[in-house]
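One-letter residues, chain by chain:
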Amino acid sequence: MAIRAIVFDVGGTLIYPADPVGETYARFARAHGVKLSAEAASLAFSRALKSSSPRAKGTVPNDGNDRSWWKQVVKRSLPEHAFADSATFEAFFEEVYLFYAKAEAWGIYPEVLEVLEALRDHAVDLAVLSNWDARLHSVLDGNGLGEFLMQRFISTELGWEKPDPAIYRHVADVLGRQPGALLSVGDDSRNDVEGPRKAGWKTVQIERPKRDLWAVVRALNGR
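Note that the structure is a prediction, hence the values are computed from the model and not measured. (Residues numbered from 1 in each chain as written. Predicted model: local features only at pLDDT ≥ 70, side-chain atom pairs only at ≥ 80, totals over all residues. Heavy atoms only, no water.)

Peer 1: Please explain the pairing of strand β5 (residues 151-154) as it appears in this structure.
Peer 2: A regular strand carries its side chains on alternate faces of the sheet. Strand direction decides the pairing type here: strand β4 (residues 125-130) and β5, joined by four bridges, are parallel. Each bridged residue has a counterpart across the sheet, and for S130 the counterpart in β5 is I154. Crossover β4 to β5 through helix α6 (residues 135-142) is right-handed. (Pairing = 2+ DSSP bridges. Helix = DSSP H or I, 4+ residues; strand = E, 2+ residues; numbered from the N terminus. Right-handed = clockwise from strand over helix to strand, strands pointing away.)

Written out as structure tokens, the structure is:
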């Protein structure tokens, strides 16, 4: 079956933090008189993020606001008692949370815009499916990706997150495409490859530098 819609993951596929997460945490912490090791915070963040997902059914919000979950991830990324009082931590967290809603907090992988432009020559729908929250709208609209990716499926606006089978069924239903006509593109083997394949989708796994987004164009061209 021919590919009729391409559904992109976002983080690690289209964009990446412009600065290492630990450096950003350390920068905002300094404004509150707290000294953090950027390297240690980055490592702890990776561990906290990995261990916090996937979330159990019924625990993903559907209003786009994911502050509570992210607050726990951030807390686990910092040394215990790094902040002297909860009010200071709350102020720090809110600043960090809002910062990552800005386009400037993110870099775009070098080939992404060129690939998205090339895909305009193909008769395919383009969409995003991401375990993100409502901040994703301002990020995509602010960095130039929004004009290519107007159809967005965001986990915390839907109440499910990848790799829940329900989210892949929902995307197929909304796009009005058979599963075999959908192509999932992403860097995560569980969320962007295994999950969609079980749902009957085609997949392309991004593994930079070995395989970047040009692999999508090759897949469309049958190469």
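Anyway, onward from the coordinates.
Peer 1: Honestly, unusual backbone geometry in this entry has me stumped. Any pointers?
Peer 2: For residues that are not glycine, phi is negative in most cases, and the peptide bond is trans in most cases. Geometrically, the link from K162 to P163 is a cis peptide bond, its omega value of 10 degrees lying close to zero. Tracing the chain through its elements places P163 in the loop between α7 (155-158) and α8 (165-175). The peptide bond linking R208 to P209 adopts the cis configuration, its omega dihedral lying at 5 degrees. The phi angle at H81 is positive, at roughly 65 degrees, despite the residue not being glycine. Structurally, H81 can be placed in the loop between α3 (67-76) and α4 (86-99). Relative accessible area serves as the criterion here: at 70%, H81 is assigned to the exposed category. (Buried < 20%, exposed > 50% of the residue type's maximum accessible area, 1.4 Å probe, protein only.)

Peer 1: Even after reading the chapter, I still don't get helix α1 (residues 21-30), so can you show me in this structure?
Peer 2: For the α-helix, the turn length of 3.6 residues means that residues three or four positions removed from each other point alike. Judged by how many residues are buried, α1 sits mostly within the fold: seven of ten residues are covered. Considering only its buried residues, α1 is in contact with β2 (15-17), α2 (38-51), α3 and α4. (Contact = heavy atoms within 4.5 Å.)

Peer 1: So what exactly am I meant to see when it comes to the sheet that holds strand β6 (residues 182-186) here?
Peer 2: Note on sheets: strands pair through backbone hydrogen bonds, and any given pair is parallel or antiparallel. Reading across from one edge, β5-β4-β1-β6-β7 is the order of the five strands in this open sheet, with parallel pairing throughout. With one partner strand each, in any of the chains shown, β5 and β7 (202-205) form the two edges of the open sheet. For this sheet the average axis-to-axis angle between neighbouring strands, irrespective of direction, equals 20 degrees. Set on the sheet, helix α9 (residues 189-198) makes contact with β6 and β7; between it and β7 the angle comes to about 160 degrees. (Axes fitted to C-alpha atoms, helices over the stretch in contact; angles between N-to-C directions.)

Peer 1: Would you explain the packing of aromatic side chains in this entry?
Peer 2: The relative placement of two aromatic rings is captured by the distance of their centres and the angle of their planes. In total, this model carries 15 aromatic pairs according to the counting rule given. Residues F89 and F93 carry aromatic rings whose centres are separated by 6.4 Å and whose planes lie at 25 degrees to one another, so their mutual orientation is stacked. You can see F89 and its partner F93 sitting in helix α4, four residues apart, about one turn around the helix. Note on accessibility: F89 and F93 belong to one class, buried. In this structure an aromatic cluster arises from ring pairing among Y25, F45, W69, W70, F83, F89, F92, F93 and Y97. (Phe/Tyr/Trp six-rings, centres within 6.5 Å; stacked < 30°, edge-to-face > 60°.)

Peer 1: In this structure, what is going on with the side chain of R135? I would like to understand it.
Peer 2: Here R135 lies in helix α6. There is a polar contact of 2.9 Å between the side chain of R135 and the backbone oxygen of Y97. R135 has contacts with W70, Y97, Y100 and A101, leaving out every residue within four places of it along the chain. (Polar contact = N/O pair within 3.5 Å; in protein donor to acceptor, adjacent residues only side chain to side chain.)

None of this, on its own, says anything about what the molecule does.
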